[in-house]
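# Results of the structural survey
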Amino acid sequence: EADIYQTPRYLVIGTGKKITLECSQTMGHDKMYWYQQDPGMELHLIHYSYGVNSTEKGDLSSESTVSRIRTEHFPLTLESARPSHTSQYLCASSEVGTSGTYYVSYNEQFFGPGTRLTVL
Amino acid sequence: RKEVEQDPGPFNVPEGATVAFNCTYSNSASQSFFWYRQDCRKEPKLLMSVYSSGNEDGRFTAQLNRASQYISLLIRDSKLSDSATYLCVVSTGFQKLVFGTGTRLLVSP
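This write-up is about the structure you can find in this document. Note that the structure is predicted; figures quoted are calculated from it, not measured.

Calculation notes
- Residues numbered from 1 in each chain as written.
- Chains lettered and ligands numbered in written order.
- Predicted model: local features only at pLDDT ≥ 70, side-chain atom pairs only at ≥ 80, totals over all residues.
- Heavy atoms only, no water.
- Core = buried A, V, L, I, M, F, W, Y, C linked by side-chain atoms within 4.5 Å.
- Buried < 20%, exposed > 50% of the residue type's maximum accessible area, 1.4 Å probe, protein only.
- Helix = DSSP H or I, 4+ residues; strand = E, 2+ residues; numbered from the N terminus.
- Contact = heavy atoms within 4.5 Å.
- Salt bridge = Lys/Arg side-chain N within 4 Å of Asp/Glu carboxyl O.
- Phe/Tyr/Trp six-rings, centres within 6.5 Å; stacked < 30°, edge-to-face > 60°.
- Lys NZ or Arg CZ within 6 Å of the ring centre and 35° of its normal.

### Here we look at the nonpolar core
Ranked by size, the top nonpolar core spans 24 residues in total, and within it F21(B), W35(B), I71(B), L73(B), I75(B), Y86(B) and L105(B) carry the most contacts. Mapped by element, the contributors of at least two residues to this core are β3 (19-25), β4 (32-38), β5 (44-50), β7 (60-65), β8 (70-75), β9 (84-93) and β11 (103-108) of chain B. Contact partners of Y86(B), with chain neighbours within four places excluded, come to Q6(B), F21(B), W35(B), Y36(B), R37(B), L47(B), F60(B), L73(B), I75(B), G102(B), T103(B) and L105(B). Counting residues in each nonpolar core, the second largest holds 18 residues, with I13(A), I19(A), I46(A) and Y89(A) among its members.

Next comes the structure, spelled out in structure tokens:
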């Protein structure tokens, strides 16, 4: 089992509230990611980090922000929640891949159990 | 056009059947390829990586055709526990993954 944790698992909150979704991993992975997934739809990368003090926006535009002050911790914050933010948020981490002259080796991403967010 | 396309299914098969899933990707510069499994309301988990030479893990066989930009997954002797959504995943850049919408498999007794 992967040692990556997310809290809360479920959150129902009113419009306009500030929320922080927590993600932590004990595997010492440098790379961490946040994905958003609606029911029956594909995962979309919204943020990622290469390591401490590194954060990048993903492929899907998101009003959320992230921080990476410690290797093991990658929280996601919504300053003012809206109903359009209702979704499942999945955190993941991976080790550094390797690259050779002719290839890039990509390592498995381990996912946390997710946070189901409902904004009323 | 989506970067990774899969038939969403569902594929309904009896126990013991052989079933094949296909996936196409649009970015010819893609480097790494994977199949992930996602159970209902759970997180995705890596099923297997896909190599150019093809690879097998027990009842599961994955194939990659770079020329056609096509990936396949074959499941032999299906079990009830194989019921899940199978996600085709492609790495289009270092350490970033693009997920397909997934193909749902339902194995019945």
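### Focus on the pattern of salt bridges
Residues and elements named next belong to chain A. Evaluated as defined, the whole model comprises eight salt bridges over all chains. Where E79 meets K18, a salt bridge forms, and the shortest distance between an N and an O atom there is 3.9 Å. One end of the pair, E79, is in the loop between β8 (76-78) and β9 (87-94); the other, K18, is in the loop between β2 (10-13) and β3 (19-25), with 61 residues separating them in the sequence. In this pair, the class of E79 matches that of K18, namely exposed. Across the salt bridge formed by R82 and E63, the nearest N and O atoms sit 2.7 Å from each other. On the criterion of sequence distance, the pair formed by R82 in the loop between β8 and β9 and E63 in the loop between β6 (56-57) and β7 (65-66) is long-range, its members being 19 residues apart. A residue is classified by how much of its surface remains accessible, and E63, at 47% relative accessible area, is partly exposed.

### Focus on the packing of aromatic side chains
On inspection of all chains with the given rule, the structure shows eleven aromatic pairs over all chains. Relative to Y50(A), the ring of Y48(A) lies with its centre 5.5 Å away and its plane at 85°, an arrangement referred to as edge-to-face. On the basis of an interplanar angle of 90° and a centroid distance of 5.2 Å, the ring pair of F11(B) and F21(B) is categorised as edge-to-face. With F11(B) in strand β2 (residues 11-14) and F21(B) in strand β3, this pair connects stretches of sequence that are ten residues apart. Since its relative accessible area comes to 1%, F21(B) is described here as buried. Ring-pair connections join several aromatic residues into one group, and the members of that group are Y33(A), Y35(A), F111(A), F34(B), Y36(B) and F99(B). R68(A) extends its terminal NZ or CZ atom over the ring of F74(A), reaching a point 5.8 Å from the ring centre.

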